[in-house]
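Next come the chains, spelled out residue by residue.
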Amino acid sequence: MQYFHSVRLDEDKCLGCTNCIKRCPTQAIRVRDGKARIISNRCIDCGECIRVCPHHAKRAVTDPLSMMQNFKYKIALPAPTLYGQFNLLDVDYILTGLIAMGFDRVFEVSQAAELVSDHTRQIMREKKLKTPVISSACPAIVRLVKVRYPDLCELVLPHLSPMQVAAHMAKEEAMKETGLAKEEIGCFFITPCPAKVTDIVSPIGMSQSWVDGAFSIAEIYPVLLEKMDRTQTPQPLSKSGIIGVSWANSGGESSSLIREQYLAADGIENVIAVLEQLEDERLGELDFIELNACPGGCVGGVLTVENPYVAKARIQRLRKYMPVSLNHMNDSIPAETMDWDGELEYAGVMQLSPNLEEAMRMMREIDALEEILPALDCGSCGAPSCRALAEDIVTGSGARLNDCLFILRKEASSLGVSLSEHPADKGRIYSAEESQDDGKDSE
Amino acid sequence: MSNKSSVEPITQQYVIPGTDFTRAGEASSKVKTILKRLGYDPDAIRRVAIAMYEGEINMVIHAHGGTAKVEIFPDRVEIALCDQGPGISDVSKAMEEGYSTAPDEVRALGFGAGMGLPNMKKCSDDMRVHSIIGKGTDVYMTIRVRGTGN
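All values reported here derive from a predicted model rather than from experimental measurement.

**Q** How would you sum up the overall build of chain A? Please name residues and give values.
**A** For chain A, the helix and strand inventory stands at 16 helices and 11 strands. Computed over C-alpha atoms, the radius of gyration of chain A comes to 25 Å, within 12% of the 22 Å expected from 2.2 N^0.38 for 443 residues, which places it in the range of a compact globule. Along the three orthogonal principal directions, the C-alpha set of chain A runs to about 80 × 55 × 40 Å. Evaluated residue by residue, chain A yields a buried proportion of 47% over its 443 residues.

In C-alpha cells form, the structure reads like this:
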C-alpha cells in the first residue's frame, strides 16, 4: 500500500542528528546512512519533526499557488487560524484580500465548523454515540488513534472535518451559481498544518476529498498581506460567529457543544497521556474529548506565521465583535453528507507479526537483545531508544547490533582495537572531555 | 532467545512504588504497549489495562507498593499482584462496589471510590485473592482472549 505524506525530508539539510527520532510520537523516524528516514505507515503527519528540526530539514509539502490556474473558478477556504495571523479587528479585510489575490469566492471553514458543532450537539443529545466521544477534527489525532489505540477507534466522532464540509458546500453553491462542472471549480484550503494536506490527498472516512489543494498559511501570508487594503472598506464577506472561529484554539470545539463534561488537550505528549488514561477507562465521567496535536490547537500549527499565543489572543479579541453563531443545520446541508462512510478502523502498524505466536517469539528476542544494550537511549544508532533498536534488529528492518556504538566498541576491543583510551572506562565515552584537554595543552 | 515450545509465556515483572500516585499506571501502560506490539485481542488488552491499573492503584493506596508479575500466553494473560501491606480483613466486603477503606487524603485525590477490586473482578475471567492480616495480599487474575476456544 502506498501512503501519501505531507511531511518530507530535505536530504541536503539533514545532518542525521537525533532530534526528530526522539520526538516522533509514533517512533516513525530512523537515521540510516546519516539521513533521517520516515517509516511511511507509522507517520501521522503531526509535524513534530518539522517543529523540532534545528536544520529545517523536515518540511511539509503543500500545493503551489500556481495550482489555482488549473481551475476556471477558484474558492478559498481559510482556516480560522488565518485570522489570528493579522492584527485586525475585522475578518473582512482578510477575506477581501483573498478575493484580491485572485480567488472568485471565499467560504470560511469556520462557517462549516458551526454546522459540525450543531450536528455534534444534536447527535450527542440523541445519545447515539458511545461516550466519551473523541473529536475527529485534528487529522493527526485521528491517525494517532488509528495506529496506536485499537480500542479507542470506535469512540472517534465519525464526521467529516469542517474543512471537507466547507469544500462540499462551497462547491455545490458555486456549481449552482455558475453552471460550471465540479471539475472546473477548485477548492483550496489555507492550512495551518501538514496533517490537513495529507487528509486532502488520502482522506479518512470518505473516498474522494472535496478539497482540491492546500496552500500553507506561511506561504500565502506575504502575498495576502500585500493584497489587503486597509484604507478601503472591505466587502462584507464574513459569515461566521464566535463558535466557528473559536475552533482555531484548543477548547473551541468543546465549548461549542455547550456541555460541561468535556476535556480539551493540546500538544501531542499531553494528548497521548489523555489517550492512555482513556484506554484504562479512567475518564468515565467525560462525554466529549477534544484533542489537538499542536500546542494551543490549530493556532500552533507548524505552517503558521504568528506565535500561537499571540494568534489565540487576537482571535479572542475578534470574537468580541461577532455574533455567537451564524450557521445552523436546518437551513444548509443534509446531515448524512457530513458523516463518515464507516467507523475508524485500527491499523496495526506497530504489530510485530500477523501471527501471535511468531510475534511472541520476536518479543522474547527483543527482550533478550534489550538486556545486552546499554539502556542509554542515546539515539546514536539511529533508533529512538535501545528498545527500538532491538525491535528493528528482530523485525529485520536492516539494523544490526553493532549499530550501537557501545556494542561496536566492545566488539572492537575484543579484536584488540581500542576505541577509547580511558583505562577505567566501563561503558561511557570520555573522548569529548579528553579532546578538550588536548586542545588546551596545544594552545 | 530459546527454542522451547512457543506456548512459553512472555514474562514481565514490575516493582510498584508505594505512595507515588504519579507513577501508578506505569506498569499497566508498559504491558499495554507489549500486547499491542503482539497484535493481541483489543478487548483483552483493554481488560488487562484496567485490571492492572486498578491493582497498581490499590497497592499504592493501601500497601506501600508491591510487585506485579505478568505472564502473556497466546490465549490468556496471567497477572499476579503481591504486596506486604496490612491485608484485607473482609475480602468479600472489599469486593462490593463502593466499599472502601481508603484514607480521606486519598479520596480527596479522587481515588478510593471502592471500585478497585470489583473492577478487577469484572475485567478478569478468574480472580483469586489471598490476604493475611499484617502480612499482605496477593491477587491472581486470569484474562482470557474471548472467542478463542473459550
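Right, picking up where we left off after that structure.
**Q** Lay out the interface of chain B and chain A in plain terms, naming residues and giving numbers.
**A** At the interface, 19 residues of chain B touch 20 residues of chain A. Contributing elements (two or more residues each) for the side of chain B that touches chain A: helix H1 (26–38) and helix H2 (42–62) of chain B. It is H1 of chain B that contributes the most residues to the side of chain B that touches chain A, 7 residues altogether. Partitioning the side of chain B that touches chain A into residue classes produces 10 nonpolar, 5 polar and 4 charged.

**Q** Can you break down the pairing of strand S5 (residues 73–78) of chain A residue by residue, with the values?
**A** All names here are of chain A. With 5 of 6 residues buried, S5 lies mostly within the body of the structure. For S5 and strand S8 (residues 185–191), the ladder comprises 6 bridges, and the chain directions are parallel. Along S8, the bridge assignment pairs Pro78 with Ile190. Both S5 and strand S6 (residues 105–106) contribute to a ladder of 2 bridges, which runs parallel. Looking at S6, one finds that Ile75 is bridged to Arg105. For the segment spanning S5, helix H3 (residues 91–100) and S6, crossover handedness is right-handed.

**Q** Tell me about the confidence of the model for chain B, and please be specific about residues and values.
**A** Residue and element names in this part refer to chain B. Looking at chain B, pLDDT values average 85 and 89% of them are 70 or higher. In the model of chain B, helix H4 (residues 104–107) stands out as the element of lowest mean pLDDT, 73, in contrast to strand S3 (residues 76–83), which has the highest, 96. Predicted confidence is poor over residues 1–5, with pLDDT under 50, and the contacts of this stretch with residues over four places away or in other chains come to 3 contacts. We note a pTM of 0.88 for the whole complex and an ipTM of 0.83 for its interfaces.

**Q** Give a detailed account of the domain arrangement of chain A, specifying residues and quantitative values.
**A** Frequently, the measure chosen for interface size is the accessible area that the parts lose on association. Residue and element names in this part refer to chain A. Structurally, chain A comprises domain 1 (7–60), domain 2 (65–338) and domain 3 (356–442). Only helix H1 (19–23) and strand S2 (29–32) provide two or more residues apiece to the side of domain 1 that touches domain 3. Counting residues per element, the side of domain 1 that touches domain 3 draws most heavily on S2, which supplies 3 residues. Residues that form the side of domain 1 that touches domain 3 fall into these classes: 3 nonpolar, 2 polar and 3 charged.

**Q** I'd like a rundown of the packing of H2 of chain B against helix H5 (residues 116–123) of chain B, residues and numbers included.
**A** Residue and element names in this part refer to chain B. It is the contact of H2 with H5, at a shortest axis distance of 9 Å, that shows an interaxial angle of 155 degrees. Between H2 and H5, the angle falls in the class roughly antiparallel. The crossing of H2 and H5 is left-handed. Between H2 and H5, the residues in contact are Arg47, Ile50, Ala51, Glu54, Gly55, Ile57 and Asn58 and Gly116, Asn119, Met120 and Cys123, respectively. Here the residues of the contact of H2 with H5 sort into 5 nonpolar, 4 polar and 2 charged.

**Q** An account of the sheet that holds strand S11 (residues 288–292) of chain A is needed here, citing residue identities and associated values.
**A** Residue and element names in this part refer to chain A. Strand order in the open sheet formed by 3 strands is S7-S11-S10, with parallel pairing between adjacent strands. Taken across any chain shown, the strands that pair with only one partner, and hence form the sheet edges, are strand S7 (133–134) and strand S10 (262–266). As paired strands, S7 and S11 are joined by 2 bridges and run parallel to one another. Considered in S11, the bridge of Val133 is made with Phe288. Those strands touched by helix H11 (residues 268–279) are S10 and S11, and its axis lies near 140 degrees from that of S10.

What counts, and at which threshold
- Residues numbered from 1 in each chain as written.
- Chains lettered and ligands numbered in written order.
- Predicted model: local features only at pLDDT ≥ 70, side-chain atom pairs only at ≥ 80, totals over all residues.
- Helix = DSSP H or I, 4+ residues; strand = E, 2+ residues; numbered from the N terminus.
- Rg over C-alpha atoms; globule rule 2.2 N^0.38 Å.
- Buried ≥ 20, exposed ≤ 12 C-beta atoms within 10 Å, placed from the backbone.
- Contact = placed C-beta atoms within 7 Å.
- Nonpolar A, V, L, I, M, F, W, Y, C, P; charged D, E, K, R; others polar.
- Pairing = 2+ DSSP bridges.
- Right-handed = clockwise from strand over helix to strand, strands pointing away.
- pLDDT = per-residue confidence, 0-100.
- Domains from an automatic or database assignment.
- Axes fitted to C-alpha atoms, helices over the stretch in contact; angles between N-to-C directions.
- Parallel < 35°, antiparallel > 145°, perpendicular 65-115°, else oblique.
- Left-handed = near helix turned anticlockwise from the far one by under 90°.

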